[in-house]
Amino acid sequence: MTPLYWAVSALLVGWHWLLSQVLDPDSGWAWALSIAGLTIVIRTLLIPLFVRQIRSSRNMQLLQPKMKELQKKYGHDREKLGQEMMKLYKETGTNPFSSCLPLLLQSPVFLALFRVLDGASKGEAHSSVIAPHVDSLRHAKIFGAEISQTFLRANGDGSTNVKIVAVFLIILMTATMFITQLQLMRKNMPKEALEGQAAQMQKIMLYVFPIFFLIGGFNFPIGVLIYWFVSNVWTMGQQFYVIRRNPAPGTPAFDAMEARKREHNLRAGKPADEGLGDAEEGSVATDRRPANRQQPKRQSRSTRKTTASEPSVQETPKVQDNPKASSNGQQPAKKAPAKQTSGAKRQPAAKSRAARQAAQKKAAQKKPGGGSGRS
């Protein structure tokens, strides 16, 4: 965790130096806004993962019909069902655990910030970067509450203020987390996706995570509560923008976007349905497997010899009779003579008659008295 302590401390001190140009360096608002700046930096770095999370979540929603088919087909065999599910995820490039990635990757930052603030409340420094600012961070107050103290360990004259501010931030942190997940399920999930394994995972995130942070928040320093509250507000705004501009097909948010487009087209004097359906293109989870190439059938040597020895005979085109021409007294067109094969020889009829006559004359001359007058 030492590299994370250094990174978190450096970002915190950097924002504090920047805000100290306009605010009192020892004020609680300078440190509270520094924590908010730290949150913004972390969430900006996590934007690619957030985009991946949105795509994976959408693919999970659109795969619900195929997943139901697999459940009907392999419901009696859980092992086979799991294999087919993983195969489907791999073919469509879907990761069912991508929705948890931003939260999991924030956990180390959360722990590092928790240790830095907890050490400051005890007068300890986890890195040389934060060491010169430990006393300032330890006694910094917002609304009369030191940001390094927790609800359960609040002491001193401002302990009541610490508890009030902590409870207020715990409620805000839990509410924003719940609302963020609820708007995803109500606006950007089709009805089919509200059933099955994916729906159970969404419900776990809807209820379990807020309850976990609600209970654990009483042991978090106020500075950590500020971090999670700002992070949840960022997530809620980011998700609202994505759902409004690029919703999943078949969801209430998608219907609302199409209604806005129709209204915009009517105001602009265009057909109401112009441009509708474009958002749906490219959003369906597609099978990424290459098309199976059909291999030619292997023939035996005797089959190849038989095929090569057969002469190629061209079929004669059929000429259809014209009934109208025959009724008018016209002769129908003559059919084209059929082409003979290459081995056949043609002999004209006139040539064969002349050869027979010559043979008959020779036979008559050989007979005695043949060829003279009649008796």
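Rules of the game
Per chain, residue numbering runs from 1 following the sequence as it is written. Local features in this predicted model are restricted to residues whose pLDDT is 70 or higher, and side-chain atom pairs enter the listing and the counts only when it is 80 or higher, whereas totals over whole chains, interfaces and linings include all residues. Excluded from the side-chain calculations are hydrogens and water; all other atoms, namely the structure's heavy atoms, are used. The secondary structure listing takes helices from DSSP runs of H or I that are at least 4 residues long and strands from runs of E that are at least 2 residues long, numbered from the N terminus. We call two N or O atoms a polar contact when they sit within 3.5 Å, provided that within protein one can donate a hydrogen and the other can accept it, with sequence-adjacent residues counted only if both atoms are side-chain atoms. For helices, the fitted line uses only the C-alpha atoms of the stretch in contact; every axis is such a line through C-alpha atoms, and the angle between N-to-C directions lies from 0 to 180 degrees. Note on terminology: angles under 35 degrees are roughly parallel, angles over 145 are roughly antiparallel, angles of 65 to 115 are roughly perpendicular, and the others are oblique. Each crossing gets its handedness from the near helix: less than a right angle anticlockwise from the far helix is left-handed, clockwise is right-handed. In this analysis, two residues are considered to be in contact whenever any of their non-hydrogen atoms come within 4.5 Å of each other. Classification used: nonpolar for Ala, Val, Leu, Ile, Met, Phe, Trp, Tyr, Cys and Pro, charged for Asp, Glu, Lys and Arg, polar for all others including Gly. In this analysis, rings of Phe, Tyr and Trp, with Trp reduced to its six-membered ring, are considered paired at centre separations within 6.5 Å, and the interplanar angle assigns stacked below 30 degrees, edge-to-face beyond 60, and tilted for intermediate values. Take the residue count of a helix, subtract one, and multiply by 1.5 Å to get its expected span. To sort residues, take the accessible area from a 1.4 Å probe on protein chains only and compare it with the maximum for the residue type: under 20% means buried, over 50% means exposed, and anything in between is partly exposed. Each direction from the helix axis to a C-beta atom contributes to the arc, which is the arc of those directions.

**Q** Could you give me a rundown of the environment of Ser27, with the residues and numbers involved?
**A** Locating Ser27 in the fold gives a position in the loop between helix H1 (2–19) and helix H2 (28–45). The spatial distance from the C-alpha of Ser27 to the C-alpha of Leu137 is 8.7 Å, given a sequence separation of 110 residues. At a separation of 2.7 Å, a polar atom in the side chain of Ser27 contacts the main-chain carbonyl oxygen of Asp24.

**Q** Describe the packing of helix H4 (residues 64–74) against helix H5 (residues 78–92), and please don't skip the residues or the numbers.
**A** Viewed as axis vectors pointing N to C, H4 and H5 meet at an angle of 155 degrees, and their least axial separation amounts to 9 Å. Compared by their axis directions, H4 and H5 come out roughly antiparallel. The way H4 lies across H5 gives a crossing that is right-handed. Contacts between H4 and H5 involve Lys66, Met67, Leu70, Gln71 and Tyr74 from the first element and Arg78, Lys80, Leu81, Glu84, Met85, Leu88 and Tyr89 from the second. Residues belonging to the contact of H4 with H5 are distributed by class as follows: seven nonpolar, one polar and four charged.

**Q** I'd like to hear about the side chain of His16, residue by residue, with values.
**A** In this structure, His16 sits in helix H1. Leave out the neighbours within four places in its chain, and His16 touches Pro25, Ala30, Trp31, Ser34 and His133.

**Q** An account of the packing of aromatic side chains is requested, with residue identities and associated values reported.
**A** Within the structure shown, the criterion is met by seven aromatic pairs. Consider the rings of Trp29 and Phe143, whose centres lie 5.4 Å apart with planes at 80 degrees: the pair is edge-to-face. Here Trp29, found in helix H2, pairs with Phe143, found in the loop between strand S1 (141–142) and strand S2 (145–146); they are 114 residues apart in sequence, far enough to count as distant. For the ring pair Phe151 and Phe218, a centre distance of 5.1 Å and an interplane angle of 75 degrees mean the geometry is edge-to-face.

**Q** Residue-level account of helix H11 (residues 252–267), with values.
**A** The end-to-end C-alpha distance of H11 is 23 Å, a good match for the 22 Å that 16 residues give at a rise of 1.5 Å each. Residues Ala253, Phe254, Met257, Glu258 and Asn265 constitute the buried set of H11. Down the axis of H11, the buried side of the element spans an arc of 140 degrees, and every buried residue falls inside it. Residues of H11 that are exposed and point over 90 degrees away from its buried face: Leu266 and Arg267. Contact partners of the buried residues in H11: helix H8 (159–187) and helix H10 (222–245). Positive backbone phi, approximately 75 degrees, marks Gly269, located one or two places after H11.

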